[in-house]
Amino acid sequence: MDTTLRVNHLRVEYPAPSEPGGVKLAVNDLSFEVRRGEVFGFLGPNGAGKTTTMNVLLGYVNATGGSAELFGVDVRQPIARQRIGYLPELTYYYRFLTAEELLRFYARIFGLNHHTASRRIDELLKLVELDGVRRRPIRTYSKGMQQRVGLAQALINDPDLLLLDEPTSGLDPIGRMKVREIIQRLQQQGKTVFFSSHELGEVETVCNRVAILHQGCVQEQGHVSDLVAKYQCDLEQVFLKVVGYPSPPRHE
Amino acid sequence: MRRPALILLLLCAGSLALTGWVLRQDALRGRDQAKSALAVLLGDGRRLFANHFLAKADAYFHRGRYPSLFEVAEKQAGNHLVESLGSEGGDAGHVQGPECDHSAGPGEEAHAHDEACEHAEPSGGPDDWIARLAARFEPDRHVHLEGDEDKEMLPWVKLAVEMDPHNVDAYAVGGYWLREMGKTREAEAFLREAQRNNPDSCEIYFELGRLTELTTQDWGKAGRLYRLALVKWQAANAKLEKPDLIALAQILGRSAKVHEAQGEYEAALQDYTLLKRVSPSPEAVQRLIDQLQKRMAEVRSPKSER
Amino acid sequence: MNRVFAVAAVVIRELIRRKDFYVLFVLTAAITLLMGSITFFNEDDIARYVKEICLLLIWLATLVIAVTTAGRQLPAEKESRTIFPLLAKPISRTEVLAGKFLGCWLAVGITLIVFYLFFGVISLAREHELPLVNYLQAVWLHWLMLGIVAALALLGSLLMTPAANLSIVILAVIGIWTVGEFLNRVAAKAGGVSGWLIYAVYYAIPHLEIFDIRERIIHGWEPVPWGAVILASGYALVYMAMLLAAAALLFRRKPLT
């Protein structure tokens, strides 16, 4: 199976005058791979290094050591992001643009021609049910509508790898269901999804494999079914055990 | 837009708009309210604006050629005061000239403008490639307004006196140019306003005298105005260490001319004699005295022959 | 290059949809018309003073537009976090910066055209003539000058807070505009080490006053020789390139998080 995403001995340090040595180690010797067609869950408590890893993958932060590749291209090269879609946790879009203008802008960044861009925009706006308000400025949208614009922009280039950062946080149940549907549809199309979340139930539902991070290192990774079998409990309990949190007493 | 810039711009725009509004009110309703509004708005900064506007009028006279503070300072060594206007001929109507000598004696060309008025020439600063490049974008020749272009200076003169009604130079300049443009009614009104605002100014009386002399040829009235100008000059300069001799020379010169025109040769001779003492070119004044004495002799001799 | 143009188009769209430009244009027009309606000494066809006021307002308004538009681009991207989805696309930070600059410069160019059209109408109404070549030179040189200002504001936005950047860039521009050309004289007078230092500043600063040909168009001088215009264009482009290169270096190293 092809490797879509590879992280190899990744190390990320931040300057932190209050820390001993003046640096904070956010990610330490992190290694994992995501294969083509997988839905990969990236789990960990707050401060585990998930966001830092995501920032490295998106080129926002340069690694102090190790490497990260998307489709075999170093993430520091902008072209590495040609085949990815990214949905941030919260919506951050140009509020003076309409949904259609925003999608056309991103389509231009991906180098789509006008015809292809128009076709994709029509498809996506229908998919996220914003077709009727496509010419309204984003600032007039509700929070849920803005999240759906975010989803549409993440798919504008028909990505082979979708990076989702807490994709269902802030969404109502229908929105969550919609996201789940889209993830499953992408998986059926052979696309890869890299999925960072705290919603362990959701992760268990949609992910093939997971990696559990703690204090900047991968503590455990594997197929969800294998982990559940290994620890003899559900994914939530696995997570708590891996990060060293005492399990709640079982009520028989 | 960030707030400080917006505030800055709104302040600039507001000041300009208010100035415009005040001027308009002034034109429509009378002056007193307008003046007080400007005073409240700008305080003592009015004088700075007034001087700037008068310098602007000077720049307009030279079609945009504008002496910088640095150029003025470089050329000012050994130079003189802001002069009153009024000498005849040549470029006597030069707007303002800390560097221009308009003080030549009467009967001569006021001054050879092109030699004396150097401030409008591109100055000879350091010659580097940036300065050479910049010079190609500026008005680079010494030229003056022509024909009815003179009117273009008037707004700045008017704005100068609106800003500072005690700016005598601005009134004198305006009076001169209005007279030159044949706007005698406006010139008189402007100078009368100047007189109300500056009752002790010899320059204004002198300008009024010039206006009377040139427009009505009422020598008697002009003479009275020159005498008043002399009285004001004496009051203002009597106790000064360095009295304004240029202004005195101009008044005496014109006063002598008016006496001469009226046939009052003795009085004219008296003025010329005083003028010779204060003029920067006493030889020229002596020539005028010689001419006058010759004429006096001619007048006397037919009587004696009779 | 398409990516750079895409970013630039968003900047232009933003300027068109913001109220700043319209407010400034209306203020400029209103003040010019108000000042133009005043009659001095019963002369009702005085033109140059109205042209002067109109041009001064145009210079101030476009300076504010250039500095605020360029100065807010990167901080606003960071503050509203729109930079994150943008950089998650195949676009480099240098391209983002170039697009932001190009957008600001083109947007300012559009505002200049609108302002100078108004100036042309005022001038035509007052003087009954329209020296097109002079006006084209004025717009071109003004646009070049604002290009330098926009590049300076972009660079400043990576070094300072937005408010500090705005104040310092406006002060620097006005300072250069008014006294920059005299620094060589001051240096010559000062002599010694301070003289050399002042000379260094004189040669380092972009001489914005070169691009100001207001006096020429107010007083109806002949057009600037085209050779000089080409030289000034080269001079401006070199400064823009240097400022943008410095900004790109900084932006590439600047942490976003």
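Before going into details, it helps to say that this report is about the structure given with it.

Remarks on the overall build of chain C
Here is step 1: Counting secondary structure elements, chain C contains 11 helices and 0 strands.
Here is step 2: When its helices and strands are written in sequence order, chain C yields α-α-α-α-α-α-α-α-α-α-α.
Here is step 3: In terms of overall dimensions, chain C is globule-like: its C-alpha atoms have a radius of gyration of 20 Å, near the 18 Å expected for 257 residues.
Here is step 4: Taken across its 257 residues, chain C has 60% of its residues classed as buried.
Here is step 5: For chain C, the proportion of contacts with a sequence separation of at least 24, taken over those separated by at least 6, is 83%.
Here is step 6: Accessible surface, chain C: about 9,700 Å² in total, of which carbon and sulfur atoms supply 72%.
Here is step 7: Distance from the positive charge centre (21 side chains) to the negative charge centre (16 side chains) of chain C: 16 Å.

Things to note about the interface of chain A and chain C
Here is step 1: With 24 residues of chain A at the contact, the number on the chain C side is 26 residues.
Here is step 2: Where chain A abuts chain C, roughly 2,400 Å² becomes buried across the two surfaces, and 64% of that area is made up of carbon and sulfur atoms.
Here is step 3: Between chain A and chain C we count 2 salt bridges in total.
Here is step 4: The salt bridge partner of C:Arg13 is A:Glu101, with a shortest N-O separation of 3.0 Å.

As for the environment of A:Glu204
All names here are of chain A.
Here is step 1: Here Glu204 is to be found in helix H6 (residues 200-206).
Here is step 2: You can call Glu204 partly exposed: its relative accessible area is 34%.
Here is step 3: A C-alpha to C-alpha distance of 15 Å links Glu204 and Glu181, two positions 23 residues apart in sequence.
Here is step 4: Ignoring any residue separated from it by four or fewer positions in sequence, one finds Glu204 in contact with Val224, Val228, Asp234 and Leu235.

Looking at the sheet that holds strand E6 (residues 84-87) of chain A
All names here are of chain A.
Here is step 1: One open sheet accounts for 6 strands, arranged E6-E7-E8-E3-E9-E10; its pairing is mixed. Looking along the sheet, the strands with just one partner apiece sit at the ends: E6 and strand E10 (217-223). The mean inter-strand angle of the sheet, taken between neighbouring strand axes irrespective of direction, is 15°.
Here is step 2: Direction of pairing for strand E3 (residues 39-43) relative to strand E8 (residues 192-196): parallel, over a ladder of 4 bridges. By the bridge assignment, Val39 is partnered in E8 with Val193.
Here is step 3: Along the sheet face, helix H4 (residues 143-154) touches E6 and strand E7 (161-165) and points at about 165° away from the line of E6.
Here is step 4: Its contacts with the sheet put helix H8 (residues 235-242) on E3, strand E9 (209-214) and E10, and the angle it makes with E9 is roughly 30°.

Re the nonpolar core
Here is step 1: In terms of nonpolar packing, the biggest core is built from 239 residues, with A:Leu5, A:Phe194, C:Tyr49 and C:Phe211 touching the most fellow members.
Here is step 2: A:Leu5 has contacts with A:Phe32, A:Glu33, A:Val34, A:Leu57, A:Glu69, A:Leu70, A:Leu161, A:Leu163 and A:Phe194, leaving out every residue within four places of it along the chain.

Brief notes about the packing of helix H2 (residues 20-36) of chain C against helix H3 (residues 48-79) of chain C
All names here are of chain C.
Here is step 1: At their nearest, the axes of H2 and H3 sit 9 Å apart, and the two run at 170° to each other. Here H3 runs roughly antiparallel to H2, going by the angle between their axes. By crossing handedness, the relation of H2 to H3 is classed as right-handed. Across from Asp20, Phe21, Leu24, Thr28, Ile31, Thr32, Met35 and Gly36 in H2, the residues of H3 making contact are Tyr49, Val50, Ile53, Cys54, Leu57, Ile58, Ala61, Val64, Ile65 and Arg72.
Here is step 2: When grouped by side-chain class, the residues that make up the contact of H2 with H3 number 13 nonpolar, 3 polar and 2 charged.

Focus on the sheet that holds strand E1 (residues 3-15) of chain A
Residues and elements named next belong to chain A.
Here is step 1: Pairing in this open sheet of 4 strands is antiparallel, and the strands run E2-E1-E4-E5 from one edge to the other. Single-partner strands in this sheet number two, and they are strand E2 (23-35) and strand E5 (73-74).
Here is step 2: In this sheet, E2 lies alongside E1 in antiparallel orientation, the contact comprising 9 bridges. In the sheet register, Glu13 faces E2, and the bridge partner there is Leu25.
Here is step 3: Contacting E1, E2 and strand E4 (65-70), helix H1 (residues 50-57) crosses the sheet at an angle of about 115° to E1.

Focus: helix H9 (residues 184-197) of chain B
Here is step 1: Compared with the 20 Å implied by 1.5 Å per residue over 14 residues, the 20 Å span of H9(B) between its first and last C-alpha is a close match.
Here is step 2: Listing the buried residues of H9(B) in full gives B:Glu186, B:Ala187, B:Phe190, B:Leu191, B:Glu193, B:Ala194, B:Gln195 and B:Asn197.

How each quantity is defined
- Residues numbered from 1 in each chain as written.
- Chains lettered and ligands numbered in written order.
- Predicted model: local features only at pLDDT ≥ 70, side-chain atom pairs only at ≥ 80, totals over all residues.
- Heavy atoms only, no water.
- Helix = DSSP H or I, 4+ residues; strand = E, 2+ residues; numbered from the N terminus.
- Rg over C-alpha atoms; globule rule 2.2 N^0.38 Å.
- Buried < 20%, exposed > 50% of the residue type's maximum accessible area, 1.4 Å probe, protein only.
- Contact = heavy atoms within 4.5 Å.
- Areas by Shrake-Rupley, 256 points an atom, 1.4 Å probe, with all protein chains shown as cover.
- Lys, Arg positive; Asp, Glu negative; His and termini not counted.
- Charge placed at Lys NZ, Arg CZ, Asp CG, Glu CD.
- Buried area = accessible area lost by both parts, 1.4 Å probe.
- Salt bridge = Lys/Arg side-chain N within 4 Å of Asp/Glu carboxyl O.
- Pairing = 2+ DSSP bridges.
- Axes fitted to C-alpha atoms, helices over the stretch in contact; angles between N-to-C directions.
- Core = buried A, V, L, I, M, F, W, Y, C linked by side-chain atoms within 4.5 Å.
- Parallel < 35°, antiparallel > 145°, perpendicular 65-115°, else oblique.
- Left-handed = near helix turned anticlockwise from the far one by under 90°.
- Nonpolar A, V, L, I, M, F, W, Y, C, P; charged D, E, K, R; others polar.
- Expected span 1.5 Å × (residues − 1).

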